[in-house]
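Working through the structure, step by step
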Amino acid sequence: MIRDSLAARGDLRWHRVLEPEVRYFALVFPAHYTAVIETTDDAAKRFVVDSWFVDNGQPAVILPLEDWQKGAGPDV
C-alpha cells in the first residue's frame, strides 16, 4: 500500500496518511475521493491532498479537510 511505502522510506516526517475521504456534490454527480494526511504534532490537523483540480503531473492541491468537505477548491 502506498501509505506504508511512504512511511517506510521516511518520506512522512511530520505527517501520517489516513484513510481516504469522500465528498458528494449532489445526487447527479459522482462521489469524489481524496487522500488525507494528518500532522503528527499535538494539534493533529488534517489536510486533503487532491490532484483532481489540476492537470496530470502538476502538484496536488493541499486544503484543510473541513474546507474541502464543504466544497472548497483552489483559487484558480
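Coordinates for the structure precede this section.
The notes below deal with the structure included here.

Definitions and limits used
- Residues numbered from 1 in each chain as written.
- Predicted model: local features only at pLDDT ≥ 70, side-chain atom pairs only at ≥ 80, totals over all residues.
- Heavy atoms only, no water.
- Pairing = 2+ DSSP bridges.
- Helix = DSSP H or I, 4+ residues; strand = E, 2+ residues; numbered from the N terminus.
- Axes fitted to C-alpha atoms, helices over the stretch in contact; angles between N-to-C directions.
- Buried < 20%, exposed > 50% of the residue type's maximum accessible area, 1.4 Å probe, protein only.
- Contact = heavy atoms within 4.5 Å.
- Polar contact = N/O pair within 3.5 Å; in protein donor to acceptor, adjacent residues only side chain to side chain.

To continue, consider the sheet that holds strand E3 (residues 46-50). Strand order across the open sheet formed by four strands is E1-E2-E3-E4, with antiparallel pairing between neighbours. The open sheet is flanked by strand E1 (15-23) and strand E4 (61-64), the only strands paired with a single partner. The sheet shows a mean angle of 35° between the axes of neighbouring strands, taken without regard to direction. The pairing of E3 with E4 spans four bridges and is classified as antiparallel. Bridge assignment links Val-48 to a residue of E4, and that residue is Leu-63.

What follows covers the environment of Ala-44. Tracing the backbone through its elements, the reader meets Ala-44 in the loop between strand E2 (32-39) and E3. Owing to a relative accessible area of 30%, Ala-44 belongs among the partly exposed residues under this scheme. Sequence spacing of Ala-44 and His-15 is 29 residues, and the spatial spacing of their C-alpha atoms is 8.8 Å. Excluding its chain neighbours within four sequence positions, the residues that come into contact with Ala-44 are Glu-38 and Thr-39.

Checked against the element boundaries, Asp-41 lands in the loop between E2 and E3. As for Asp-41 and His-15, which are separated by 26 residues in sequence, their C-alpha atoms are 8.4 Å apart. A distance of 2.9 Å separates the side chain of Asp-41 from the side chain of Thr-39, its partner in a polar contact. Here the side chain of Asp-41 touches Ala-44 through a polar contact of 3.2 Å, landing on its backbone nitrogen.

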